[in-house]
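These are the residues of each chain, in order.
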Amino acid sequence: MKRLLTFLLLFVMSATVVFGCSRTGGNQQVLSIYNYATYIAPEAIAQFEKENNVKIQYDTFENSDALYAKIQQGNPGYDVIFPADYMVRIMAADNILEPLDIAKIPNKTNLDPRWMNQTFDPENKYSLPYQWGTMGIGYNIKATKGDINSWGAMFDPKYTGKIAWQDDARYTFAAVLMYLGFDPNTTNPAEINKARDLLIKNKNIIAAFVPDTGQTLLDQGEVNLTMEWSGDISQVMKENPNLRYAIPKEGTIVFSDNMAIPKGAPHKELAEKFINFILKPEVGATISNFTHYGSPNKAAIDKGLIDPKDLKNPQIYPPTEIFAKMKFLQDVGKATALYDRAATEVKAGAGK
Amino acid sequence: MTKIKLDLFVRAIGKQWLWVQAALAFAFLYLPILILIIYSFNASKFNAVWRGFTLDWYGSLFSNAGATIATSSSAGILPALNNSLLIAAISTALATIFGTMLALALERFHFPGRKAVEALLFLPVIMPEITIGISLLVFFTLAFRIVENLTGIRLNLGLPTVIIGHVVFNISFVTITVRARLAELDPQLEQAAFDLGANEWRTFLRITLPLILPAIFSAALLAFTLSLDDFVVTFFTTGVGSMTLPLLVYGMIKFAVTPAINAISTLMLLASLLLVVSSLKVQKS
């Protein structure tokens, strides 16, 4: 028994030493950020490190669901995280986000009011917008021989076998619902079924439902039209001059990624300082000029700090009338099952 | 007469066909790797279309060597590789030692609960990795909370927890491999050593260990490989600043997996090739 106790004590001691050591990193403070890869301008990081004499530890995740899986069991030590719109709502409901101390983030006033107070965080209690973009149609101008501007192009027999949709029931159905003139967040089974039937009717036209890889297929010439995120297409456009991006006139889905502080963040004050830093017009512009996503920073746009080429690009900053038709995807509760079933039926019907 | 001629003809064809088949099999195995190597010189930021020759990706690997920021496409790759190699090396060493000990215990001794241990041994092999990952995460979170309440020291997920996670599933693979070799071993060899006056420790060092060393070696190699490309368990046990290469590559999917990943893969391939060649050389001499 005594031997066992000694052994246990030794084990706990050695474990404490090992784990304890892994945390200390000199006397410099370390701010831990958890974000997508290539989703921030390296200059911005360097500037913050220099100004505040801290080190930034930048880790990456692949999507908001992975972020959620990581944070949910207990924050492993991140100070600032970047959840997507719908994920802010889920995380806030789970009580794993720290309320922001707005007094410490005066640069909040630089933000465009139209990105604030959204349904996923009505009073911006937990999050502030970081970058935004849209879901639209990426297409090859050589195949279409001209501009397109409607979801209807995705059902054009001209492109049979050269169309890709998203392998995500909610996104693909949102587009079809908008094309049919319905609310993309509808819970009405009849409307969902109409969208399903339209997809099944056109099954021969569809080449694939792809997991966010439409831009690659488009680049390779495997498809001529694909439903994709604005930023994904514009990044490939830089290398392939034949590619274009269109926001359909029927409207589309918009997303915003947001900055939030998870519960248990080791450096909450520094995290707020960082969020305030990102909201500076100059810094916000540097980041958007690097990612080519839309900036919610109104001051940066007003001061002309955003790359004029991006600002004039209606795919990144759409005109007001289209802007009015853009919608966030919302949690539809029990109706999610309806979408999932309809999507399964589409896939069974459109299986080639 | 014609029948014999036909037979000879078939035989000749068959001989040629064997070569063709072998060539096809090798092509199937190695063409993808060859393409991966070729694309590491691709001037495109995306791994999809060939857009000319460049050495930039190799350059970018080394110019950003010190950075820990996975912001520009290739920065952060080398630190991630470092973490991967460190985790693999330590977890392999630990798993090999523990696994071999366990194999010896199970094969040579009878003790209460032996059957249960045997059954438990196979669990990590058949259990879905995601179950291991999540249960480890829950375990660590709970254990850390208890330690914090008792001692006031706040512990976090990090490299040590990843290493423990890898040891967990690697022990099984090592034990199974080493046990297979032990089972083949003639127990009379050890008994002969005892008869000649060697004690247990000496018998192990002089007789058993040299005989099972090849199995231990291949078990260690297996553990190293499994650890190096593990994603699921790593994902759940990793903390701040302990990104591994598989985690980083997966994280790049959202925007673009750049040819920098091909470049690092090519370098790793070269390194392992050198390792194999030199180990063959050593064995010969």
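Since the model is a prediction, treat every value here as computed from it, not as a measurement. (Residues numbered from 1 in each chain as written. Chains lettered and ligands numbered in written order. Predicted model: local features only at pLDDT ≥ 70, side-chain atom pairs only at ≥ 80, totals over all residues. Heavy atoms only, no water.)

## Focus on the overall build of chain B
Under the convention used in this document: Only DSSP runs of H or I with at least four residues qualify as helices, and only runs of E with at least two residues qualify as strands; both kinds are numbered from the N terminus onward. Atoms counted for the radius of gyration: C-alpha only. Globule rule: 2.2 Å times residue count to the power 0.38. Working definition: with a 1.4 Å probe on protein chains only, accessible area under 20% of the residue-type maximum means buried, over 50% means exposed, and in between means partly exposed. Here, residues are in contact when the closest pair of their heavy atoms is within 4.5 Å. Methods summary: accessible areas were calculated by the Shrake-Rupley approach with a probe of 1.4 Å, and residue burial reflects only the protein chains presented.
The number of helices and strands found in chain B is eleven helices and zero strands. Counting from the amino terminus, chain B carries its helices and strands in the arrangement α-α-α-α-α-α-α-α-α-α-α. Here the C-alpha radius of gyration of chain B, 25 Å, is well above what a compact globule of 285 residues would show, namely 19 Å. Reported as C-alpha extents along the three principal axes, the dimensions of chain B are approximately 85 × 65 × 40 Å. Per-residue burial for chain B yields a buried fraction of 38% across its 285 residues. Considering only residue pairs separated by 6 or more positions, chain B has 69% of its internal contacts joining residues 24 or more positions apart. Summing over all exposed atoms, chain B offers an accessible surface of approximately 16,300 Å²; the carbon and sulfur share of this is 73%.

## Description of the packing of aromatic side chains
Convention followed: Centres within 6.5 Å are what make two rings of Phe, Tyr or Trp a pair, Trp counting through its six-membered ring; a difference in plane orientation under 30 degrees is then read as stacked, over 60 as edge-to-face, and the rest as tilted. Geometrically, a charge over a ring is one whose NZ (Lys) or CZ (Arg) sits within 6 Å of the ring centre while staying within 35 degrees of the ring normal.
According to the stated counting rule, one finds 33 aromatic pairs over all chains in the structure shown. Ring geometry for Phe235 of chain B against Phe236 of chain B: centres 5.1 Å apart, planes inclined by 85 degrees, an arrangement best described as edge-to-face. Residue classification places Phe235 of chain B among the buried residues on the basis of a relative accessible area of 8%. Using a relative accessible area of 9% as the deciding quantity, one classes Phe236 of chain B as buried. Here the guanidinium or amino end of Arg114 of chain A rests over the ring plane of Phe323 of chain A, the centre of that ring lying 3.6 Å away. Across the ring face of Tyr339 of chain A, the terminal group of Arg170 of chain A is positioned such that the distance to the ring centre comes to 4.8 Å.

## Observations regarding the nonpolar core
It is characteristic of soluble globular proteins that their nonpolar side chains tend to be buried jointly. Spelled out, the test is: Note on terminology: a nonpolar core comprises buried Ala, Val, Leu, Ile, Met, Phe, Trp, Tyr and Cys residues joined through side-chain atoms within 4.5 Å.
Residues Trp165 and Phe274 of chain A are the most contacted members of the largest nonpolar core, which totals 143 residues. Counting residues per element, this core draws most heavily on helix H6 (residues 169-179) of chain A, at seven residues. If we skip the residues at most four places from it in the chain, Trp165 of chain A touches Trp151, Met154, Phe155, Thr172, Ala175, Val176, Leu199, Ile206, Ala208, Phe209, Val210 and Met227 of chain A. The next biggest cluster of nonpolar side chains, apart from the first, holds 17 residues, and it includes Leu104, Val167, Ile171 and Phe204 of chain B.

## Comments concerning helix H15 (residues 336-349) of chain A
All names here are of chain A. The test is simple: Under the convention used throughout, the expected extent of a helix is 1.5 Å for every residue step, that is, one less than its residue count. Note that the arc is defined by the directions from the helix axis to the C-beta atoms.
Taking 1.5 Å per residue as the helical rise, H15 with its 14 residues ought to reach 20 Å, and the 20 Å between its terminal C-alpha atoms agrees with that figure. Among the residues of H15, Tyr339, Ala342, Ala343, Val346 and Gly349 are the ones counted as buried. For H15, the angular spread of buried residues about the axis comes to 125 degrees, placing them on one side. Exposed residues lying more than 90 degrees from the buried face of H15 are Ala337, Arg341, Thr344 and Ala348. The inward-facing, buried residues of H15 abut H6, helix H7 (189-201) and strand S7 (206-210).

## Some words on the packing of H7 of chain A against H15 of chain A
Residue and element names in this part refer to chain A. This is how it is decided: Between the N-to-C directions of two axes lies an angle of 0 to 180 degrees, each axis being a line fitted to C-alpha atoms and, for a helix, fitted only over the stretch in contact. Angle categories: roughly parallel below 35 degrees, roughly antiparallel above 145, roughly perpendicular from 65 to 115, and oblique for all the rest. By convention, the crossing between two helices is left-handed when the near helix turns anticlockwise from the far helix through less than a right angle, and right-handed when the turn is clockwise.
Contact geometry for H7 and H15: axes closest at 9 Å, N-to-C directions at 20 degrees. Between H7 and H15, the crossing angle belongs to the class labelled roughly parallel. Where H7 crosses over H15, the handedness of that crossing is right-handed. Here Pro189, Ile192, Arg196, Leu199 and Ile200 of H7 come into contact with H15, specifically with Leu338, Tyr339, Ala342, Glu345 and Val346.

## Concerning the pattern of salt bridges
Residues and elements named next belong to chain A. The cut-off we apply is this: Every case where a carboxyl oxygen of Asp or Glu lies within 4 Å of a side-chain nitrogen of Lys or Arg is listed as a salt bridge.
For the structure shown, the criterion picks out 19 salt bridges over all chains. For Glu51, the salt bridge is made with Lys280, and the minimal N-O distance between the two is 3.8 Å. Here the residue Glu51 occupies a position in helix H2 (residues 42-52), and Lys280 occupies one in the loop between helix H10 (268-278) and helix H11 (281-291), the gap between them amounting to 229 residues. Overall, the relative accessible area of 45% leaves Glu51 in the partly exposed class. A relative accessible area of 29% means that Lys280 is categorised as partly exposed. In this structure, Glu345 and Arg196 form a salt bridge, with 2.6 Å as the shortest nitrogen-oxygen distance. Of this pair, Glu345 sits in helix H15 while Arg196 sits in helix H7, placing them 149 residues apart in sequence. The buried category is assigned to Arg196, whose relative accessible area is 17%. Here the salt bridges do not stand alone but share partners, grouping Arg196, Asp197, Arg341 and Glu345 into one network.

## Structural notes on the interface of chain A and chain B
To keep it simple, the criterion reads: Polar contact is defined as a pair of N or O atoms within 3.5 Å, subject to the rule that within protein one atom must be able to donate a hydrogen and the other to accept it, and that residues adjacent in sequence are counted only when both atoms are side-chain atoms. Three classes are used, and their members are as follows: Ala, Val, Leu, Ile, Met, Phe, Trp, Tyr, Cys and Pro are nonpolar, Asp, Glu, Lys and Arg are charged, and the others, Gly among them, are polar.
Between chain A and chain B, the residue contacts involve 46 residues of the former and 42 residues of the latter. Counting across the interface, chain A meets chain B through two salt bridges. For the pair chain A and chain B, the number of links is eight residue pairs in polar contact (both at pLDDT 80 or more). Looking at the side of chain A that touches chain B, the elements with two or more residues in it are helix H1 (2-23), strand S1 (29-35), H2, strand S2 (54-60), helix H3 (64-72), helix H8 (214-220) and helix H9 (230-237) of chain A. Grouping the amino acids of the side of chain A that touches chain B by side-chain chemistry returns 20 nonpolar, 17 polar and nine charged.

## So, a nonpolar patch on the surface
Quick note on the threshold: Only residues whose relative accessible area exceeds 30% and that take part in no salt bridge are eligible for patches, with like-charged residues grouped when within 9 Å of each other and nonpolar side chains (Val, Leu, Ile, Met, Phe, Trp, Tyr) grouped when within 5 Å.
On the surface, Leu6, Phe9, Val10, Ile13, Trp17, Val20 and Leu24 of chain B cluster together into a nonpolar patch covering about 700 Å² of accessible area. By the secondary structure assignment, Trp17 of chain B is in helix H1 (residues 2-39).

## Brief notes about the environment of Thr175 of chain B
Residue and element names in this part refer to chain B. On the secondary structure map, Thr175 appears in helix H6 (residues 159-184). Among the residues examined, Thr175 registers a relative accessible area of 0% and is labelled buried. Along the primary structure Thr175 and Leu102 are separated by 73 residues, whereas in three dimensions their C-alpha atoms are 6.4 Å apart. Sequence-distant contacts of Thr175, that is, excluding residues within four places in its chain, are made with Gly99, Leu102, Ala103, Leu106 and Leu121.

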